[in-house]
Every structure is written in C-alpha cells, then in structure tokens.
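Here is how the chains run, residue by residue.
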Amino acid sequence: MNYLPWAVLALVAYTFVAPLMSFATASEPAIPSNVAALVSNSMLVVATVGVIAYTRQDVSQYLVHPKSPYVYVAGLCLAVGILAYYRALSLGPASVVVPVFGMFLVTSSLVSVAFLDESFTVRKAVGILLAVVAVYLVTVD
C-alpha cells in the first residue's frame, strides 16, 4: 500500500486548489479563469519536467507507445475539465462547485467498473449512492 501516502499528499495539496482559485478568480480584482488555468497548469508542467529530468526518464519513447492515444485523450479531457472547473469557481460558490466537480469520483468509478472490468460490490454501490446524496444535500438550497 505504498500508494496511500501519495494519495494523502494529493488530497492535502488538492484541498487548497479550489479555495485559492475561487478567491483569485471570483473576488475583485479578479484574474480571468483561463489566465489562472494557464499560470497554475504551467507550474504543473514545469514541476513535471523537473521530476522527469531528476528521475532521468526518457519521454520520447512513450510519445508513440501503443497506449499513448489514451494519454492524449486523457489530456484533452483534463484540459476541458480544468478549464470548466476554474470557470465554474469564478462564477459560483466553491462550496457548491467543488462537490459537483467532485462527482468525478463517482463517474470515474462507474466508468472503471464498466470498461476496466473492476469489481462492483454492494459496498461500492452504497458508497456511490451516499456520495450522490451528499452532493445533492450540499448543492440544494
């Protein structure tokens, strides 16, 4: 389970993305959400290049890897998702936008069960149902 510390680090770091982006893009003087996306994601690119350089990974061989089309489509989905997420944060309250955006956990789980042959148990079904109920309760006035 060496992935858990990374998952917790991701949780802690990503916890601050929505509040910081909401503050930067929604309150005056506001930064346009597309500019905020460019700047913040440029930082991601620079950090990733640094990690790749540090670990001496060869990128070129993976640009034409048999699975690279999946990475390209995932990148397109990521771009659309992040741009839409930042736009939503600039227009609405983070306390509503974040839970709706967070439903990607449910939809990603369902897609993984449907297309990656992952198990779907009663416990997972209950967890998904509870997540949907939680988002409904948070977003309805």
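Further up the page is the structure itself.
Structure report, in brief. (Residues numbered from 1 in each chain as written. Predicted model: local features only at pLDDT ≥ 70, side-chain atom pairs only at ≥ 80, totals over all residues. Heavy atoms only, no water.)

Quick look at unusual backbone geometry now. For the bond from E28 to P29, the omega torsion is -5°, close enough to zero to count as cis. By the element assignment, P29 lies in the loop between α2 (17–26) and α3 (33–55). A positive phi angle, close to 55°, is found at R56, a residue other than glycine. Looking at the element boundaries, R56 is found in the loop between α3 and α4 (68–91). (Helix = DSSP H or I, 4+ residues; strand = E, 2+ residues; numbered from the N terminus.)

It is worth spelling out the nonpolar core at this point. If you look at the biggest cluster of nonpolar residues, it comprises 10 residues: V17, A18, M21, A36, A37, I82, Y85, Y86, L89 and V97. Looking at this core, the elements that each hand over two or more residues are α2, α3 and α4. The element best represented in this core is α4, accounting for 4 residues. (Core = buried A, V, L, I, M, F, W, Y, C linked by side-chain atoms within 4.5 Å. Buried < 20%, exposed > 50% of the residue type's maximum accessible area, 1.4 Å probe, protein only.)

Geometric values such as these leave the question of function open.
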